[in-house]
Amino acid sequence: MKSIAENIQTVVNDIKGFEQLYARPQDSVTLIAASKTQTAERIIEAYKAGIRNFGENYLQEAINKRSALPQEDIIWHFIGPIQSRKARDIALHFDWVHSVDRLVVAEKLSRNRPVGKPPLKVFIQVNISNDPNKSGVSVKQTAELAQQIMSLPGLQLRGLMTLPRAEQELSKQRTVFRELRRLLKDLQTDLPQMDSLSMGMSQDLEAAVAEGATFVRVGTAIFGAREPNSSKTN
Ligand SMILES: *Cc1c(COP(=O)(O)O)cnc(C)c1O
């Protein structure tokens with residue numbers, strides 16, 4: 001089995017290769033290590049290998065781990081589904097939130113973002129493949145939610161995120177990501193501050209970089225396969 005550091009080297013090199021292949025500017029893709037279910041020790045290993053952006057899905061797990069991590073230059077991304085009663089603590093403990101999919105959640109994040117902190121940077125999660133099992137706002141509702149979020153203090157709307165249905169073929173993976181890119185482009189006419197696309201995981205990294213991802217969220221390719229029953233509720 002390869003070490004976390006070796007895996008990171010591979011993923012970083014893959015991203016660089018895809019940036020070149022698809023004529024993306026160098027370093028235009030930020031790698032987020034999706035560290036759900038990983039221990040603080042394993043997060044430190046990834047940190048030592050150069051990772052500064054970490055994505056967490058479960059609030060309590062993230063808070064517990066962070067108390068064991070003194071590193072101050074880690075940027076924390078919340079990437080899991082948001083229960084509205086958890087929104088307050090998410091606003092306190094994270095720098096970015098990728099999974100805003102309804103106004104009540106955005107309002108709670110806004111109300112609870114401490115005044116002394118920089119605005120919370122948020123993505124709207126879009127259910128681009130209309131998968132009934134996936135969260136996210138529909139393509140049709142995205143513009144309205146974006147306009148509503150724009151008026152909320154303490155939040156900075158930065159872009160769109162998606163978690164598509166798994167596809168094996170590169171061309172099919174690209175089709176879904178292209179849709180998200182086009183949706184963002186439409187929104188940018190009115191909302192030019194929306195400049196980011198959070199899409200791509202271990203299995204569809206190439207497709208995501210090809211279609212303009214600025215953040216990729218990679219778990220398995222860095223940390224190895226997660227325990228099948230290790231996913232827990234918030
Ligand atoms: C776990 C997770 C990832 C990483 O998935 P891998 O297939 O392990 O790379 C990315 N995004 C979200 C929202 C996740 O929950």
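Residues numbered from 1 in each chain as written. Predicted model: local features only at pLDDT ≥ 70, side-chain atom pairs only at ≥ 80, totals over all residues. Heavy atoms only, no water.

## Digging into the overall build of the protein chain
Across its full length, the protein chain carries 9 helices and 8 strands. In terms of overall dimensions, the protein chain is globule-like: its C-alpha atoms have a radius of gyration of 17 Å, near the 17 Å expected for 234 residues. A principal-axis box enclosing the C-alpha atoms of the protein chain has dimensions of 45 × 40 × 35 Å. Expressed as a percentage of the 234 residues in the protein chain, the buried residues total 49%. Nonlocal contacts in the protein chain, meaning residues at least 24 apart in sequence, comprise 58% of its contacts between residues at least 6 apart. Total accessible area on the protein chain is roughly 11,500 Å²; 49% of this is exposed by carbon and sulfur atoms. (Helix = DSSP H or I, 4+ residues; strand = E, 2+ residues; numbered from the N terminus. Rg over C-alpha atoms; globule rule 2.2 N^0.38 Å. Buried < 20%, exposed > 50% of the residue type's maximum accessible area, 1.4 Å probe, protein only. Contact = heavy atoms within 4.5 Å. Areas by Shrake-Rupley, 256 points an atom, 1.4 Å probe, with all protein chains shown as cover.)

## Quick word on helix 1 (residues 4–21)
Given a rise of 1.5 Å per residue, 18 residues ought to cover 26 Å, and the 25 Å separating the end C-alpha atoms of helix 1 matches this to within 8%. For helix 1, the set of buried residues is Ile-4, Asn-7, Ile-8, Val-11, Ile-15, Phe-18 and Glu-19. Angular distribution of buried residues about the axis of helix 1 spans 110°; they occupy a single face of the element. Exposed side chains of helix 1 directed beyond 90 degrees from the buried face belong to Gln-20 and Leu-21. Buried residues belonging to helix 1 abut strand 1 (30–34), helix 2 (40–48), helix 8 (205–210), strand 8 (215–218) and helix 9 (220–223). Positioned one or two residues after helix 1, Ala-23 has a phi angle of 55°, which is positive. (Expected span 1.5 Å × (residues − 1). Arc of directions from axis to C-beta.)

## Describing the side chain of Asp-101
Inspection of the secondary structure assignment puts Asp-101 in the loop between strand 4 (96–100) and helix 5 (103–112). Reaching out from Asp-101, the side chain makes a polar contact with the side chain of Arg-102 at a distance of 2.9 Å. (Polar contact = N/O pair within 3.5 Å; in protein donor to acceptor, adjacent residues only side chain to side chain.)

## Some thoughts on the environment of Glu-61
With respect to the helices and strands, Glu-61 occurs in helix 3 (residues 59–66). Residue classification places Glu-61 among the buried positions, given a relative accessible area of 10%. Along the backbone, Glu-61 and Gly-154 are 93 residues apart, and their C-alpha atoms lie at a distance of 25 Å. A polar atom in the side chain of Glu-61 sits 2.6 Å from the side chain of Lys-65.

## Some thoughts on the pairing of strand 6 (residues 155–161)
Along a regular strand, successive side chains alternate from one face of the sheet to the other. Of all 7 residues in strand 6, 6 are buried; the element is thus mostly enclosed. For strand 5 (residues 120–125) and strand 6, the ladder comprises 6 bridges, and the chain directions are parallel. In the sheet register, Gln-125 faces strand 6, and the bridge partner there is Met-161. Crossover strand 5 to strand 6 through helix 6 (residues 139–150) is right-handed. Across 3 bridges, the pairing between strand 6 and strand 7 (residues 196–198) is parallel. Note on strand 7: the bridge partner recorded for Leu-160 is Leu-197. (Pairing = 2+ DSSP bridges. Right-handed = clockwise from strand over helix to strand, strands pointing away.)

## So, the nonpolar core
Counting 62 residues, the largest nonpolar core has Leu-109 and Leu-160 as its most contacted members. Broken down by element, the residue count for this core peaks at 6 residues, all from helix 7 (residues 170–188). Judged by nonpolar contacts, the second largest core, of 5 residues, contains Ile-32, Trp-96, Met-161 and Phe-215. (Core = buried A, V, L, I, M, F, W, Y, C linked by side-chain atoms within 4.5 Å.)

## As for the pattern of salt bridges
Inspection of every chain in the model, using the stated rule, returns 12 salt bridges. Salt-bridge contacts for Asp-89 lead to Arg-88; the nearest nitrogen and oxygen are separated by 2.9 Å. According to the relative accessible area criterion, Asp-89 is partly exposed, its value standing at 25%. Ionic pairing is found between Arg-102 and Asp-101, a salt bridge with its closest N-O pair at 2.9 Å. Residue Arg-102 is classed as partly exposed on the basis of its relative accessible area, which comes to 31%. (Salt bridge = Lys/Arg side-chain N within 4 Å of Asp/Glu carboxyl O.)

## A look at unusual backbone geometry
Not every positive phi belongs to a glycine, and Ala-23 is a case in point at roughly 55°. Secondary-structure assignment places Ala-23 in the loop between helix 1 and strand 1. Although it is not a glycine, Thr-37 sits at a positive phi angle of roughly 70°. Turning to its location among the elements, Thr-37 is positioned in the loop between strand 1 and helix 2. A residue is classified by how much of its surface remains accessible, and Thr-37, at 24% relative accessible area, is partly exposed.

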